[in-house]
Amino acid sequence: MTQYVHQPAFMTGDEFSIETFSLLNPDGELYPGGEEPALTRDHARRLYQAMLATRILDERMMAAQRQGRLSFYMQCTGEEAAVVGAAAALDDADMIMAQYREQGALMYRGFSIDEFMNQLFGNELDYGKGRQMPIHYGSRKLHYMTISSPLATQIPQATGYAYGQKLAGEGHCTLTFFGEGAASEGDFHAALNMAAVHQVPVIFFCRNNGYAISTPSTEQFAADGIAPRAFGYHMHVIRVDGNDALAVYEATRQARKIAVEQNQPVLIEAMSYRLAAHSSSDDPSGYRAKSEEEAWRAKDPLLRMQRWLAKKGWWSDEEEAAQQESLRREVLETMKRAEKRPPPPLESLISDVYADVTPALQHQLDQLKRHIRRYPDAYPRGAKSLDLTLSSATDTQGEA
C-alpha cells in the first residue's frame, strides 16, 4: 500500500543491514546458537571429499600448465566450500549453470577425473570435441550446462531454463553461479528482473571473492555488496559465509525449498576469497598484498570442514593423508593417459552445426585438410587425425 509523506525524504539503502549467516568458526566449532544441518555422515564426507579432490586437481593442473602441458587453467582454491556446499544442497537433477570456477560442483556430482582431463586436453573423448578452451566443462547426464566464456551470459539463461522447469512442474530448479564482477553486467539485472516478474524457481549464487580479476570490490560498487540488489526486484536474499560449507549448504537448501515450493527466485551472496590467481595468465602480487592472502588462508574452507568432521569422529588424519595421496596419484596417472589420446577427428569441426553438412562447410574443411597436409609440423594435433602419406607434390597440386 502506498504511503505518502509531505516533506522530501531521501533514502540511500543504509537503512537496511544484511547480516552474514555462518555456522562454523575457523576452528570447526559451531557458533553459539547455531544448529548443524541434518547431514548424514556419508553426505558430509561426500561433500568434503569433493572439496579435497577439487583442491588437488587444481594444484596438479596449475603445475601442468606451468610445465607447458596445458594451455590455460583456472582454480577454485579458497572457494570450494561455496561451490561444493551449494551443489550438495541441490537435487542431482537440478540444473547448474556455472561461470568458470565451479569444477567442485561437477566433482560432487560424480564427474570423473578422466572426464575432467579429456576436456582439459581437448582429446577425442572430450564431450565438447575439442572446441572449447580448458575448464569449459559440461555434462548432460549430470545436469551441468556447458560453460561459455563470455561473462554473465548464463545468468539470464538460468532464468529462462527455470521458467521451463516451472512449466514442467516436476519440482526442479536451476542454480547459476557467478562472481561479483559478473554482477556488474547488464545480464545480471535483466535476469533478476525476469525471474522476479515471472516467478521462476532459480537460485542466483554470487561468489563474492573480493576481486573481479584485479579490480577489488571497493572499486566495483559503492553499495554493500551484491545482496541488497535483491530488494530492487522484491526477491528473497541471504548473505552467507562462503568459507563455511555447512552454512552454504543450509542456506542453499532453504533457498531451494523457496524456489521449488513457491516458484520464487532467490539471491545468495557467498562471501569468500580467491586464494589463487584469477587464472594461469594472472599475477595477483601486482594488485594485492601477501598479508591479505595469508589472513584469508587462516580461514581455509577445507581446514574448517575437516576439523568439524574430525570432531564428530567422521574423518581422521590417517584418512586425510591416504585420500590426498590417492587423489594425487589418480590425477597424475589420468593426465598422462589423456595427453596420449588423439584429438577429435577434423570432421567433428563441422558436425552438430546443421542437420546435414552444407557444401560451403565441406569446402572449407577440405581446404583445411589440404593446408594441414602441406604444413603438418605447424599443426601437429590436426595432423594426427589425417593420413599424411600423400607426397608434398600432391598436396601442392591440391592446394593450387
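Residues numbered from 1 in each chain as written. Predicted model: local features only at pLDDT ≥ 70, side-chain atom pairs only at ≥ 80, totals over all residues. Heavy atoms only, no water.

(A) Region of the structure containing the domain arrangement of the protein. Each assigned domain of the protein is listed here: domain 1 (18-337) and domain 2 (344-383). Domain 1 puts seven residues into the contact, and the matching count from domain 2 is six residues. Buried area between domain 1 and domain 2, summed over both chains or domains, comes out near 490 Å², and the portion from carbon and sulfur atoms is 41%. At the boundary of domain 1 with domain 2, the tally comes to two salt bridges. For Asp352, the salt bridge identified is with Arg131, shortest N-O distance 3.7 Å. The tally of links between domain 1 and domain 2 comes to three residue pairs in polar contact (both at pLDDT 80 or more). Looking at the side of domain 1 that touches domain 2 residue by residue, the classes come out as one nonpolar, three polar and three charged. (Domains from an automatic or database assignment. Contact = heavy atoms within 4.5 Å. Buried area = accessible area lost by both parts, 1.4 Å probe. Salt bridge = Lys/Arg side-chain N within 4 Å of Asp/Glu carboxyl O. Polar contact = N/O pair within 3.5 Å; in protein donor to acceptor, adjacent residues only side chain to side chain. Nonpolar A, V, L, I, M, F, W, Y, C, P; charged D, E, K, R; others polar.)

(B) Inspection of empty space enclosed by the protein at higher detail. Scanning the model with the defined rule gives one cavity of 30 Å³ or more in all. The calculated volume of the largest cavity comes to roughly 50 Å³. Around the largest cavity, the lining residues are Met97, Ala98, Met145, Thr146, Ile147, Ser148, Thr153, Gln154 and Gln157. Tallied by class, the residues present in the lining of the largest cavity amount to four nonpolar, five polar and no charged. (1 Å grid on protein atoms, 1.4 Å probe; cavity = no way out; pocket = protein on both sides within 12 Å on 5 of 7 lines; lining within 4 Å. Points joined across faces, edges and corners; volume = space filled by probe spheres on them.)

(C) Quick peek at the UniProt feature "domain: Dehydrogenase E1 component" (unreviewed entry) in the protein. UniProt feature "domain: Dehydrogenase E1 component" (unreviewed entry): in the numbering of this structure it lies at residues 49-345. The span residues 49-345 is 44% helix and 11% strand, and its two end C-alpha atoms sit 36 Å from each other. (UniProt positions renumbered as here; feature names shortened; annotations may be inferred. Helix = DSSP H or I, 4+ residues; strand = E, 2+ residues; numbered from the N terminus.)

(D) Summary view of unusual backbone geometry. The backbone phi angle of Lys129 is positive, close to 60°, even though this residue is not glycine. With respect to the helices and strands, Lys129 occurs in the loop between helix H4 (113-121) and strand E3 (144-145). By relative accessible area, Lys129 is classed as partly exposed at 31%. Although it is not a glycine, Asn263 adopts a positive phi angle of roughly 50°. Assessed through its relative accessible area of 25%, Asn263 is described here as partly exposed. (Buried < 20%, exposed > 50% of the residue type's maximum accessible area, 1.4 Å probe, protein only.)

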